[in-house]
Amino acid sequence: MLNQSYLSIEPEALAAMLSTEENLNSRIVSLYASGEEPAVLKPVLEQWISLYLDQLTQETVSNTEETISEGQEQLVALEAKIAEQRRVIEQYSEENNIISLERDENRVLAKIKGMGAALDEAETMQAEAEAELDSVRQSINRGETVIHPEDQRRMDGLYSSITEIESQLALLGQDYTEAYMDLDPAIVGQKRKLAGLQERYDEAELASQQRYLEALQRTVSTSQQKQAQLQSDLDTLGKDAQVFNQKLEEYGRMMNSLEQLQLQFQTLQDQLIQTEVQNPYQPKITVLEQPFEPGYPVSPNYWRDSAIVLGVAALAGVCALLLFSFIHRQRTPPATMTSYHVVPNAGMTLEHQRAMQEGLAHQQNAQLGHSKTPLQLGQQSAEPLRLLSEQDCQALFKASNRDGKLVVGLLLCGVAPEELLLLRYQDVDVQAGTLTVAGDYGRILRLHADCLILLNKGAATADDGALIFSERLDTSQLDQLVVNIAHDAGLPFPDQFPVAAIRHTYLTYLVKQGARLNDIEQVAGFVSPVTLSVYRQVNRNGNTLDVSQLETRFPLV
């Protein structure tokens, strides 16, 4: 590039002019040339691209030829290794009398296998002979007749002759007397012949029995000798077989090495053929856009520089304003305190006293910046309800007056807050210890003993159909009643003890036992689905119980 007549650029200046930008996703490389002379930039890029393509072609051809040459050298080396391995294997197999890797085809192992079968046969023969010999001896001891199988035919012939003569004599005995038969020469001859045959049969029987015993004894002895000889030969061959097995394993390892070499040779040969036949892999370089002369300068960027200056000026102005405000800021007046005077309530009705207390509370909240009013019954607090412990509930019940005990006790037995002020004494069955709740979610609830005592006392002095709470309480005072009880009991944060918290504690108590969410209304009355969704997070400890299995009275003792 530097040798062109119209390009006289120093190498350092040329390196500063050229730059690249790679995009790996699209596999595109952008080439850039920057300088003060626009006419020089296009020839520089054209020469750069031409030199790169020529160099790439030369390197590709050189790499292909080098790959083929190296592959052929590796093939020659592998061929020599394979030939040497085969020679070593053949020599080893001849020296150790190894025919193949199959065990039965080698003489030593085949001979051991045959001798093992012969030894098994000898042991079987010996066992059979010994069993037969014992059987024959036992038969002889019992007085039974034992005949050699080979003598059975001859003994059967003698027995037939004896039987025939005995039959003839029996027939003659029916026609003649014993005295006549002893005098008749023919009959006497028959008797003598019968006695001879009988004696001959007895002698033959004894001889056959003795020969049978001797034959069985010889068979047992022969089997023992054969077994001992085979065992001795097998022990001798076992040592040879152990050595042969080691040699056979070595032979197998040598054959595996030969197979690996042959596999490498075949793989390399296939790769070399593929390289020679197919076109070698070449990266395809395509010039997507030819170099061109720039039509506008790229630097300096006056718009960018102007924007930077304006931004810095605006930031400096903001900082100056903040500094000025910090230096000349005005001091805020201190907070004022308001004092309250307690006005004696002598001569004032209960309604006037309550109105005065509420006014003072509103005044104090307004001056302290609070707009929160006491939570009324039926209102939903924005904050999560407090879950009371068993000790908290017991402390509330213990510190309560008559109405407080009934409110806390009935809520913790399943009465809904909106049902409290509708209950009547006639709904209580003191003997059964239950309370009947009327309405759309009518149900019968079991009550605590302390509540039953208070209700029994109230029913004794009340009119028929009288309300349990009469008109002493209304819905706006129940929450304050419970908060006051919590304050008297010395519980921390008594404001967190509204009626809704007691209701929440009771519903959680049911779910922890294993109550199904949709079954809760059978005990606690109506609970909205939104409220029930809160108790999906309560851990049931793996239990699921029917309503009849639940303990519906919260422990207050």
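Above: the structure in question.
Residues numbered from 1 in each chain as written. Predicted model: local features only at pLDDT ≥ 70, side-chain atom pairs only at ≥ 80, totals over all residues. Heavy atoms only, no water.

Q: Could you clarify how one ought to interpret the sheet that holds strand 4 (residues 434–437) in this entry?
A: Strand pairs in the sheet, formed through backbone hydrogen bonds, run parallel or antiparallel to each other. Taken together, three strands build an open sheet; the order of strands is 3-4-5 and the sheet is antiparallel. The sheet terminates laterally at strand 3 (428–429) and strand 5 (443–446), the two strands that pair on one side only. As defined by bridge partners, strand 3 adjoins strand 4 across two bridges and the pair is classed as antiparallel. If you follow Asp 429 over to strand 4, its bridge partner there is Thr 434. (Pairing = 2+ DSSP bridges. Helix = DSSP H or I, 4+ residues; strand = E, 2+ residues; numbered from the N terminus.)

Q: Got a minute to help me understand the pattern of salt bridges in this structure?
A: Side chains that differ in sign of charge can pair as their charged atoms come close. As enumerated under the stated definition, the model contains 13 salt bridges in all. In this structure, Asp 182 and Lys 191 form a salt bridge, with 3.0 Å as the shortest nitrogen-oxygen distance. Judged by relative accessible area, Lys 191 falls into the partly exposed class, the value being 26%. Arg 386 is the partner of Asp 392 in a salt bridge, and the nearest nitrogen-oxygen pair spans 3.9 Å. Residue Asp 392 is classed as buried on the basis of its relative accessible area, which comes to 13%. Several salt bridges share partner residues, and in doing so they unite Glu 178, Asp 182 and Lys 191 into one network. (Salt bridge = Lys/Arg side-chain N within 4 Å of Asp/Glu carboxyl O. Buried < 20%, exposed > 50% of the residue type's maximum accessible area, 1.4 Å probe, protein only.)

Q: Sorry, what's going on with the packing of helix 10 (residues 402–411) against helix 12 (residues 449–461) here?
A: Packed helices, taken two at a time, are described by the angle between their axes plus the distance between the axes. Here helix 10 crosses helix 12 at 125°, and the two axes come no closer than 10 Å. The orientation of helix 10 relative to helix 12 falls into the category oblique. For the pair helix 10 and helix 12, the crossing hand works out as left-handed. Packed against helix 10, whose contacting residues are Arg 402, Lys 405, Leu 406 and Gly 409, the element helix 12 presents Cys 451, Leu 454, Leu 455 and Gly 458 at the interface. Broken down by class, the residue content of the contact of helix 10 with helix 12 amounts to four nonpolar, two polar and two charged. (Axes fitted to C-alpha atoms, helices over the stretch in contact; angles between N-to-C directions. Parallel < 35°, antiparallel > 145°, perpendicular 65-115°, else oblique. Left-handed = near helix turned anticlockwise from the far one by under 90°. Contact = heavy atoms within 4.5 Å. Nonpolar A, V, L, I, M, F, W, Y, C, P; charged D, E, K, R; others polar.)

Q: Just to check I follow, could you spell out unusual backbone geometry for this structure?
A: Note on backbone geometry: most residues besides glycine have negative phi, and most peptide bonds are trans. Located in the positive-phi region is Phe 493, a residue other than glycine, with phi close to 50°. You can see Phe 493 is positioned in the loop between helix 13 (478–488) and helix 14 (499–513).

Q: Hey, could you run me through the side chain of Glu 205 in this one?
A: Relative to the helices and strands, Glu 205 resides in helix 6 (residues 185–277). Despite its burial, Glu 205 remains without a salt bridge, the nearest opposite charge being carried by Arg 154 at 11 Å. Excluding residues within four positions of it along the chain, Glu 205 makes contact with Thr 145, Val 146, Ile 147 and Met 155. (Lys, Arg positive; Asp, Glu negative; His and termini not counted.)

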